[in-house]
Every structure is written in C-alpha cells, then in structure tokens.
Amino acid sequence: MEYISAGDIEKYSYCPLSWWLSRKERHKESAGVKKHREISEKAREYQKSATEKKKFENVVLYYSFAATVIALVGISFIYSSPVLSRVFIVVSLLWLLVAIYILWRYEKYALIWNRKIMERMMVVFSLVATVFSIFAVTFFLPPAYMLGYALEIASLIWLIVATYFLNLTLRNELKYNEIKKELQLPDGEIVYVDDLEKSPILKSEKYGIWGRPDLLIKTKSGYVPVEIKTGRIPKGPLFSHIMQLTAYMLLVEENYETPPYGILKYGPVIYKIDYDEDLKKILLSKIKEMRVAIMTGEVHRNHHRPGKCAHCSRRDICPERLS
Ligand code: SF4
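Every residue gets a number counted from 1 within its own chain, in the order that chain's sequence is written. Given that this is a predicted model, residues contribute local features only at a pLDDT of at least 70 and side-chain atom pairs are listed and counted only at 80 or more, while totals for whole chains, interfaces and linings are drawn from all residues. Heavy atoms from the whole structure form the basis of all side-chain values; hydrogens and water molecules are not counted.

**Focus on a nonpolar patch on the surface**
Alright, step 1. A cluster of nonpolar side chains, namely I89, V90, L93, L94, L96, L97 and I100, defines an oily patch on the protein surface of about 640 Å² accessible area.
Alright, step 2. Tracing the chain through its elements places I89 in helix α4 (residues 82-104).
Alright, step 3. Here the term buried applies to any residue with accessible area under 20% of the maximum for its type, exposed to any over 50%, and partly exposed to those in between, with areas from a 1.4 Å probe on protein chains only. A relative accessible area of 42% means that I89 is categorised as partly exposed. Surface patches are drawn from residues lacking salt bridges whose relative accessible area is over 30%; two like charges belong together within 9 Å, two nonpolar side chains (Val, Leu, Ile, Met, Phe, Trp, Tyr) within 5 Å. Only the protein chains shown count as covering a residue, and every accessible area follows the Shrake-Rupley method with a 1.4 Å probe. In what follows, salt bridge is the name for a side-chain nitrogen of Lys or Arg lying within 4 Å of a carboxyl oxygen of Asp or Glu. Comment: elements are numbered from the N terminus, with helices defined as DSSP H or I runs of at least four residues and strands as E runs of at least two.

**Side note on the confidence of the model for the chain**
Low pLDDT means the predicted coordinates in that region are not meant to be read closely.
Alright, step 1. The predictor rates its confidence in each residue with pLDDT, a number between 0 and 100. Of the residues in the chain, 93% reach a pLDDT of 70 or more, and the chain-wide mean stands at 88.
Alright, step 2. For the chain, helix α5 (residues 106-112) is the element with the lowest average pLDDT, namely 69, and helix α8 (residues 239-255) is the one with the highest, namely 97.

**Looking at empty space enclosed by the protein**
Alright, step 1. Cavity means a closed set of points on a 1 Å grid over the protein atoms alone, one where a 1.4 Å probe fits but cannot get out, pocket means an open set with protein on both sides within 12 Å along at least 5 of 7 lines, and lining means a residue has an atom within 4 Å of a point. Grid points are joined across faces, edges and corners, and a volume is the space filled by probe spheres set on the points. Inspection of every chain in the model, using the stated rule, returns one cavity of 30 Å³ or more.
Alright, step 2. Roughly 90 Å³ of internal volume is contained in the largest cavity.
Alright, step 3. What lines the largest cavity is a set of 15 residues, among which C15, H303, C309, C312 and C318 lie closest to the centre.
Alright, step 4. With three residues, the top contributor of residues to the lining of the largest cavity is helix α2 (residues 16-22).
Alright, step 5. In this classification, Asp, Glu, Lys and Arg are treated as charged, Ala, Val, Leu, Ile, Met, Phe, Trp, Tyr, Cys and Pro as nonpolar, and every other residue, Gly included, as polar. Residue classes in the lining of the largest cavity are distributed as seven nonpolar, two polar and six charged.

**Side note on the domain arrangement of the chain**
Alright, step 1. For the domain bounds, the source is a domain assignment made automatically or taken from a database. Once the domains are mapped, the chain shows domain 1 (4-44 + 186-317) and domain 2 (51-183).
Alright, step 2. In this structure, domain 1 and domain 2 have C-alpha centres spaced 49 Å apart.
Alright, step 3. Buried area between domain 1 and domain 2, summed over both chains or domains, comes out near 490 Å², and the portion from carbon and sulfur atoms is 57%.
Alright, step 4. The buried area of a pairing is the accessible area, by a 1.4 Å probe, that goes missing from both parts when the two are put together, added over both. Sorting the residues of domain 1 by area buried against domain 2 places K42, D187 and K265 first, and these three jointly supply 72% of that buried surface.

**What to know about the site of the ligand**
Alright, step 1. Taken together, C15, L17, S18, R301, H303, C309, C312, R315, C318, E320 and R321 make up the full set of residues adjacent to the ligand.
Alright, step 2. Any molecule with more than half of its atoms within 2 Å of a cavity's or pocket's grid points is counted as sitting in it. In this structure, the ligand is accommodated by the largest cavity.
Alright, step 3. Partitioning the shell around the ligand into residue classes produces five nonpolar, two polar and four charged. Nearness of a residue to a molecule or strand requires only that one of the residue's heavy atoms be within 4 Å of it.

**Regarding the nonpolar core**
Alright, step 1. We define a nonpolar core as any set of buried Ala, Val, Leu, Ile, Met, Phe, Trp, Tyr and Cys residues linked to one another through side-chain atoms lying within 4.5 Å. By size, the foremost hydrophobic cluster in this structure holds 38 residues, and its most contacted members are I9, W19, I209, L264, I273 and L283.
Alright, step 2. Contributing elements (two or more residues each) for this core: α1 (6-14), α2, α8, β7 (261-266), β8 (269-274) and α9 (277-296).
Alright, step 3. In terms of residues, this core owes the most to one element, α8, which gives nine residues.
Alright, step 4. The contact criterion used throughout is that any non-hydrogen atoms of two residues lie within 4.5 Å. Excluding residues that lie within four positions of it along the chain, W19 makes contacts with D8, K11, Y12, M290, A293, I294 and V299.
Alright, step 5. Listed in part, the 16 residues of the second largest apolar core include I179, L215, V224 and I263.

**A closer look at a negative patch on the surface**
Alright, step 1. Taken together, the side chains of E41, E45, E178 and E182 define an acidic patch exposed on the protein surface.
Alright, step 2. Of all elements in the fold, only α3 (31-78) and α7 (145-183) reach the threshold of two or more residues within the negative patch. Counting rule for charge: Lys and Arg are taken as positive, Asp and Glu as negative, and neither His nor the chain ends is counted. To locate a charge, the coordinates of NZ of Lys, CZ of Arg, CG of Asp or CD of Glu are taken.

**Some points on the packing of aromatic side chains**
Alright, step 1. Between 30 and 60 degrees the pair is tilted, below 30 it is stacked and above 60 it is edge-to-face, where a pair is any two Phe, Tyr or Trp rings, Trp via its six-membered ring, whose centres lie within 6.5 Å. One pass over the structure, following the stated rule, counts 17 aromatic pairs.
Alright, step 2. Ring centres of Y12 and W19 lie 5.3 Å apart, and the angle between their planes is 75 degrees; this geometry places the pair in the edge-to-face category.
Alright, step 3. Overall, Y12 belongs to the buried group, its relative accessible area being 8%.
Alright, step 4. With centroids separated by 4.9 Å and ring planes inclined at 10 degrees, the aromatic side chains of Y46 and Y176 adopt a geometry described as stacked. Separated by 130 residues along the polypeptide, Y46 in helix α3 and Y176 in helix α7 bring together distant segments of the chain. With respect to class, Y46 is no different from Y176; both count as buried.
Alright, step 5. One aromatic cluster in this structure is built from F88, W95, F125, F132, F135 and F139.
Alright, step 6. The rule for a charge over a ring is simple: NZ of Lys or CZ of Arg within 6 Å of the ring centre, and within 35 degrees of the ring normal. We note K53 situated over the ring of Y176; from NZ or CZ to the ring centre the distance is 5.0 Å.
Alright, step 7. The residue whose ring lies beneath K272 is Y261, and the NZ or CZ to ring-centre distance is 4.4 Å.

So, in structure tokens, the structure goes:
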C-alpha cells in the first residue's frame, strides 16, 4: 500500500488535479518552507528555554536549601544550647516517623498519588530528619567558633551561586515568555518540532498515511498538533488545511492518544479545530478517493471556482484551469 502524506491530503482537498500535478514536481524550497524553518527554530528555542528554566529553578532550590542548612549548622557551632539540641531530637524523630509511615503505606498511597511524588516526599522527610539530627548534635557540642564562622562564609558562597542561577532562571523566563507571546501557543510542553530533516515521521499503518505536524504540544487536555500556515491570512480556516490538520490529529491518535483538538495558525490568527468522528469520516473518504485516483490515474478538477485557480501554484501547467 502506498503511503499518502498529510501534505498530499491538503493538496487533494484543495483540488484533486493540483495534487496530481504536484506528484511530478521536484521538491523546491519555497519562501513558505524557509518561514517554516524560522518558526521551527523559534519553537526549538522556546523548548530549550523551558527546559533550562526548569533546570535552573531546581539548581536555585538546591543551592538555597544547602546555603540555609550550612548557615544553620554554622550557627549551631557558634552557640551551644542543650535545650535546642533536645528540641531538634524530637523534631528530627517526628520527620523520620513520617518518612517511615510513607514507606510503610507506599503501595496503598502510590495507587492514589503519583509514585514519583511519594518517593520525593520520602526523600525530603528523611533529608530534613537528618539535617535536624545534625543540629541536635552540633547544638549539644561546646562552641567551635572557627568552624562556625567558616561555615557561615561557605553558606554565603553557596548563596552567591544560588543568586547567579536565579539570574539565569529569570533570563530564561523572560525569553520563554517573549517567544510564547510571539508564537501564541497554548500552555504546555512542546514534544515535537518539525524541522524538516531531524524530526521523526509520524505514520499510521492502519490508514496508510504519514506526516510531520509543525508542532505537537502536550497540554493539560491532551496532545495538540499545530499546523502553521504562512502567506495570506484567510477569513476562516480553509477546508484543505482542516483536512491536513485532521490527518495530523489521526496520526497523533495512532501514535500517542486521541487529541482533543488541533490548531491552525495563520500568522497571529489561531483557529481551534475540534477532533470528532464526522471530521475523521470526511478525511477517510478523501484518502479512499485518493487511492482510487492512484489506481485509475483518472484525476480532474472538482470545482467551478476561477478564484481557486487564480491562487493555485500549478495553474501554469494545469490543462483544466479556469483562470
Ligand atoms: S489551476 Fe485550477 S483546476 Fe488546475 S489544479 Fe489548480 S485549482 Fe485545480
């Protein structure tokens, strides 16, 4: 079975003859393709700044936490207090008990909560219990001023490092928000960017189609494919573009899960196209027609609209053009 691309479905839906004539064309890099490259680059930058933002946020958290602990240990070396030592023993034991309780009920709660969250909670509770037990010991010991001051200086250095990473986080946040505003994308993680060379092709063996959406975003409501159109902005989403987007939605359904909707983006204008059975049926009937055309070689214009021919990129070689 010959695989049909989502791009071919778009051409066929515009005019079957346009698709048929395009089969003889050699691929050439148009202005639209160049524009797509720029958008893909932007999307990759967006993806990178989102990842780095998250990474630096964690680094800031770890460094600030470490700086606080080091500073407190330093203080506990400077001041000696048996009362505080006892308080920390009790608090440390409490945190340890919670960690043990989580471990004991792990299987039960892991069904309700996420396993990763449970594991993180266990680590945090054990870590805090350990830190408090260190305080219990150091507050009990006689003062060690030199060590205490050295730890305060170390804490300051860690705090400076944390501030440096905070600066990087804020810069990435700014960049992330700027690109997000420019691309006007829904909230979520970009899991796929079509850069025309490196991105894997999405295929459906069941329907015999393939394609590469411009973007695939994992939103709260599911995976959302995005098709970005360059050039003139139409008054509404074009049927051929809706068919192409539906092909991507079908591919997402086959490769990931059923998408709630897809996005058609014409410059700053965005259309949400709901994915439903009716749309899927229309797409499948188009694919069926295309297979018949491939077998018979009989393909003709299916409209009487001169305006369509006027905008058609194959009008110069078309024997059935209307204008
Ligand atoms: S010129 Fe008109 S009939 Fe010919 S392929 Fe284009 S849209 Fe179809």
